[in-house]
Amino acid sequence: MNNVTEYLPHGFCIAWNPQLLAMHVISDLLIAIAYFSIPIGIVYVAKRRPDAVLQPVYYLFAAFILACGVTHVMGILTLWVPLYYTQGITKMVTALVSIATAIYLLPKLKHIMALPDLAKLTQINSSLAQEIESRRQSQELALQAQKTQAAFLANMSHEIRTPMNGVLGTIDLLLDTELKPEQHQLAAASKRSAASLLGLLNDILDISKVESGQMTLRNNPLELAEVFTDVEAALTFEAQSKNIELHCPAEAVPDVTYLGDSVRLRQILLNLVGNAIKFTDVGHVKVTCREVSRTGQQAVLEFTVKDTGVGIAPEHQKNLFKRFTQVDNSSTRRAQGSGLGLAIVKELVELMGGQVHMQSKPNQGTEVVFTLKLAVQLPIDSGAVEPAAGQIFAAPAVAKFRGIILVVEDAAMNQMVVCKVLERLGLESKIANNGQEALDLLAKESFDLVLMDGQMPVMDGYEATKLIRSGTVPGINKNIPVVALTAHAMVGEDQKCLDAGMNDYLSKPLERDKLIKVLGKYLKQV
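Since we're looking at a predicted model, the values are computed, not measured.

Cut-offs and rules
Residues numbered from 1 in each chain as written. Predicted model: local features only at pLDDT ≥ 70, side-chain atom pairs only at ≥ 80, totals over all residues. Heavy atoms only, no water. Helix = DSSP H or I, 4+ residues; strand = E, 2+ residues; numbered from the N terminus. Contact = heavy atoms within 4.5 Å. Buried < 20%, exposed > 50% of the residue type's maximum accessible area, 1.4 Å probe, protein only. Axes fitted to C-alpha atoms, helices over the stretch in contact; angles between N-to-C directions. Nonpolar A, V, L, I, M, F, W, Y, C, P; charged D, E, K, R; others polar. Pairing = 2+ DSSP bridges. Phe/Tyr/Trp six-rings, centres within 6.5 Å; stacked < 30°, edge-to-face > 60°. Lys NZ or Arg CZ within 6 Å of the ring centre and 35° of its normal.

Caption draft 1: Quick look at the environment of Leu235. With respect to the helices, strands and loops of the structure, Leu235 is situated in helix 7 (residues 224-241). In this structure the C-alpha to C-alpha distance between Leu235 and Leu270, which are 35 residues apart in sequence, comes to 7.9 Å. Residues within four places of Leu235 in sequence aside, it is in contact with Leu246, Leu270, Val273, Gly274 and Ile277.

Printed below as a string of structure tokens:
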């Protein structure tokens with residue numbers, strides 16, 4: 001060996017050269033920082049993706065880190081000069097971290113997800129784009145179908161209610177006349193059949209309201225005793241005709257005023273009790289109610305409808321609250337129906353925060369129990385009781401009024417029915433066949449109130465009302481009361497009429513009590 005210093009550790013070669021020393025220290029420091037960062041990243045990935053599928057590159061990467069760690073250990077072993085103790089400690093720590101990372105990583109490699117290749121990523125992206133477009137189109141079709149269904153139901157409701165107004169109206173007028181007992185019985189039976197048909201129409205509309213999220217519930221004072229009395233009065237005749245007892249005791253319900261929707265509660269009970277009477281030939285139908293719990297001002301009520309009827313087999317009970325489902329779908333079944341009544345009961349009960357269930361055995365009767373969550377009305381301290389907002393007061397059927405009414409209606413049957421009803425109430429009436437005729441008559445003659453149909457040829461009732469309210473038609477009193485009398489009964493129709501400028505809203509078939517109540521707001525009674 002001519003030059004022994006060539007084989008000495010490189011630390012001796014650079015110890016006296018500050019520039020080489022600085023370069024050596026800075027480069028190793030950067031390497032150390034890199035090898036501290038890389039294991040941290042690998043551990044982070046392993047922690048976040050324990051379910052991943054490993055690709056071979058991860059094994060190579062782990063081996064690379066291990067080799068780098070060993071290389072730093074060898075470098076530390078060769079640097080024994082005290083000047084490089086700091087560098088040696090840094091490399092030792094780096095080597096330990098690298099080896100520890102490799103030891104930790106190797107058992108976890110099979111759990112790390114492999115990165116898919118570019119072609120696979122492109123395919124995934126294309127599939128996602130197609131799925132998004134497909135869902136968007138499906139959503140548009142669903143919305144269009146919902147709009148079509150709503151329009152269809154609105155039109156069908158109008159077309160059915162218009163003749164039903166004539167049927168029920170003429171029957172009411174007939175029942176007001178002097179009839180022989182047999183004639184009165186036949187007329188009453190016809191009215192019940194027409195009312196059943198109207199109830200079926202209302203059931204279909206209720207299902208549509210629930211599906212579209214448009215079913216709204218009132219929150220007015222609710223007297224259970226009044227509801228029970230109404231239910232018993234409505235179904236007593238049907239029960240007596242089958243020689244069965246109907247127990248719907250108003251005096252047995254809690255003597256508390258709750259806040260809720262009495263109309264919907266009455267509808268639930270009428271459906272359940274009517275169904276019980278339909279399938280009971282011997283015995284009785286009993287309706288009870290009790291308050292099972294109360295938290296603050298929130299009460300839970302339990303209603304029970306129990307009968308001694310034919311009962312229902314267990315295999316049929318689970319489907320009984322589904323739409324258009326009946327126990328017996330044959331053409332020879334003992335009772336006709338749409339299969340909507342119990343489905344609507346379930347929908348309404350759940351909307352009112354309750355649940356419904358049934359217990360039944362063949363030939364031993366059926367018991368339907370449902371719960372409702374109702375608020376308890378706080379007692380009023382003052383002696384004078386103010387009417388609650390939205391509370392309805394029925395006007396007496398014998399009320400008589402003074403005035404002249406303009407009936408704007410295009411259907412001849414409805415013209416006759418409405419005018420006859422007004423005549424019974426002491427009112428004069430005149431007919432306009434459409435909105436344009438109504439404007440012409442209002443400009444020439446004086447009227448006290450207008451009953452305005454909505455859908456008519458030439459000019460509909462909405463446009464005619466807007467022109468009345470505009471004050472632009474000479475001779476017309478723009479403040480004359482206008483009451484809608486329309487066969488459109490879908491959700492929002494009443495607001496549409498009010499937005500057009502009408503004062504009130506009545507739906508067909510016309511109910512005399514509701515007409516009297518509305519007339520009482522704008523006309524003087526005799």
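Caption draft 2: Inspection of the environment of Pro221 at higher detail. Relative to the helices and strands, Pro221 resides in strand 1 (residues 220-223). Accessibility expressed as a relative area gives 28% for Pro221, which makes it partly exposed. Residues Pro221 and Tyr258, spaced 37 residues apart in sequence, show a C-alpha to C-alpha distance of 5.7 Å.

Caption draft 3: Main features of the packing of helix 13 (residues 461-470) against helix 14 (residues 493-500). Between helix 13 and helix 14, the least distance of the axes is 8 Å, while the angle of their chain directions is 30 degrees. Two secondary-structure elements touch here, helix 13 through Tyr462, Thr465, Lys466 and Arg469 and helix 14 through Glu493, Lys496, Cys497 and Ala500. Here the residues of the contact of helix 13 with helix 14 are counted per class, giving three nonpolar, one polar and four charged.

Caption draft 4: Examining the pairing of strand 13 (residues 504-507) more closely. Residues Asp504 and Leu506 line the buried face of strand 13, whereas the alternating positions Tyr505 and Ser507 sit on a face that is not buried. Here four bridges tie strand 12 (residues 482-486) to strand 13, and the two strands are oriented parallel to one another. Each residue of the ladder has a partner; that of Ala484, found in strand 13, is Tyr505.

Caption draft 5: Representation of the packing of aromatic side chains within the structure. In the structure shown here, the tally under the stated rule is two aromatic pairs. Arranged with centres 6.5 Å apart and planes meeting at 35 degrees, the rings of Phe228 and Phe303 form a pair that is tilted. You can see Phe228 sitting in helix 7 and its partner Phe303 sitting in strand 5 (residues 298-307), a full 75 residues away along the chain. On the numbers, 4.8 Å between centres and 5 degrees between planes, the contact of Phe303 with Phe370 is stacked. With Phe303 in strand 5 and Phe370 in strand 7 (residues 365-376), the pair connects residues that are 67 residues apart, well separated along the chain. Here the aromatic residues Phe228, Phe303 and Phe370 are joined through ring pairs into a cluster of three or more. Looking at Lys496, its charged tip hangs above the ring of Tyr462, at a distance of 4.4 Å from the centre.

Caption draft 6: Inspection of the sheet that holds strand 13 at higher detail. Taken in spatial order, the five strands of this open sheet run 10-9-11-12-13, and their pairing is parallel. Single-partner strands in this sheet number two, and they are strand 10 (428-432) and strand 13. Here the average twist between neighbouring strands, direction ignored, is 25 degrees. Relative to strand 11 (residues 449-452), strand 9 (residues 404-408) runs parallel, the two being bridged by four bridges. Bridge pairing in strand 11 places Leu406 opposite Val450. Along the sheet, helix 14 contacts strand 12 and strand 13; its crossing angle with strand 13, the most-contacted strand, is approximately 140 degrees. Against the sheet, helix 15 (residues 512-522) engages strand 11, strand 12 and strand 13, with an angle of about 165 degrees to strand 13.

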